[in-house]
Amino acid sequence: MDLRIFTEPQQGATYDTLLAVAKATEDLGFDAFFRSDHYLAMGSGDGLPGPTDAWITLAGLARETKRIRLGTLMTAATFRLPGVLAIQVAQVDQMSGGRVELGLGAGWFEQEHKAYGIPFPKEKFARLEEQLAIVTGLWETKPGDTFDFHGTHYDLTDSPALPKPAQARIPVLIGGHGASRTPKLTAQFADEFNMPFASVEDSERQFGRVRAAAEEAGRKADDLTYSNALVVCVGKDDQEVARRAAVIGREVDELKANGLAGTPSEVVDKIGRYAEIGAERLYLQVLDLADLDHLELISAQVQSQLS
């Protein structure tokens, strides 16, 4: 089971804070540092000092880290034109020496679009499908050839399809709860399927849909990686769990029901339940980015039991 650290910087974080978390992620032996792609805080928080851009952040971290994978859960297709996104991600992949992964989603938070003047189209899923075809098509085009795409939402003619990533193929992540279109899109374009914030039972059901869609598309279901994203709140005892839950404004019982919360042994047991239904990777949503002791505890007493 790979453990990856997943951050939500829109809730309030500077680049320096994210750099400290990314370096701790690397030093403590976690597999990757991922971040959300949002421009507006959610809930009651003020989001100070303001948002950081996902791909600008990852470009900086690409030069400040050496081992960990870097990526997004999920880049919003509404934020960037697909040709520009392909250039950005390929460049960060070069800057990292081939450690980038692209999580791409349709975009859903209408308020942040209004706040920053970003168009929020009614039909988002069809745009996402075209973006996936364009981004992957640009990367796969051989040097010297050109790429054309003529869709409903995007039109590319004689693109040189440059630059190329450092990796032969940048892993693409698709996620979500959709019962039909999401599994089909995953089977067509993705290397990994991510089930966000879902129970073991719901995850097992969705993994089954994705596996069936992959087989129907002519792929081996096991060619895909299956993962979950879950909030994490671990303490050495019940008192520490309660303290960490209070800091992020959550109730312990709710966190235990919907995430990975409790003592290390409790969390390891729950991770085992996700592993039993086919999850190979977990994105640990860390909401208090100042609490690096939390990451140390997870590394020493949770991750160590999974290796």
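None of the values given here were measured: they were computed from a predicted structure.

Conventions adopted
- Residues numbered from 1 in each chain as written.
- Predicted model: local features only at pLDDT ≥ 70, side-chain atom pairs only at ≥ 80, totals over all residues.
- Heavy atoms only, no water.
- Salt bridge = Lys/Arg side-chain N within 4 Å of Asp/Glu carboxyl O.
- Helix = DSSP H or I, 4+ residues; strand = E, 2+ residues; numbered from the N terminus.
- Expected span 1.5 Å × (residues − 1).
- Contact = heavy atoms within 4.5 Å.
- 1 Å grid on protein atoms, 1.4 Å probe; cavity = no way out; pocket = protein on both sides within 12 Å on 5 of 7 lines; lining within 4 Å.
- Points joined across faces, edges and corners; volume = space filled by probe spheres on them.
- Nonpolar A, V, L, I, M, F, W, Y, C, P; charged D, E, K, R; others polar.

A look at the pattern of salt bridges
Logical step 1: Under the counting rule described, the total for this entry stands at 20 salt bridges.
Logical step 2: The shortest N-O distance in the salt bridge between Glu192 and Arg281 comes to 2.6 Å. Of this pair, Glu192 sits in strand S9 (residues 192-196) while Arg281 sits in strand S12 (residues 281-286), placing them 89 residues apart in sequence.
Logical step 3: Where Glu266 meets Lys256, a salt bridge forms, and the shortest distance between an N and an O atom there is 3.3 Å. Highlighted residues: Glu266 in helix H10 (residues 264-276) and Lys256 in helix H9 (residues 252-258), separated in sequence by 10 residues.
Logical step 4: Bridged by salt links that share partners, the residues Lys236, Glu240, Arg243, Arg244 and Asp291 form one connected network.

Here's the deal with helix H7 (residues 200-216)
Logical step 1: An ideal rise of 1.5 Å per residue puts 24 Å on 17 residues; H7 measures up with 24 Å between its terminal C-alpha atoms.
Logical step 2: Residues of H7 that are buried in the fold lie against helix H6 (181-189), S9, strand S10 (225-234) and H10.

Some thoughts on the layout of surface pockets
Leftover empty space is mapped by rolling, across the atoms, a probe with the size of a water molecule.
Logical step 1: Approximately 1200 Å³ is the volume found for the largest pocket.
Logical step 2: Taken together, 46 residues line the largest pocket, and the ones lying closest to its centre are Glu8, His38, Trp108, Phe197 and Gln285.
Logical step 3: At the level of elements, strand S4 (75-76), strand S5 (100-105), helix H5 (125-140), strand S8 (172-175), H6, S9, S10 and H9 are the ones that each hand at least two residues to the lining of the largest pocket.
Logical step 4: Across the lining of the largest pocket, the residue classes break down as 20 nonpolar, 20 polar and 6 charged.

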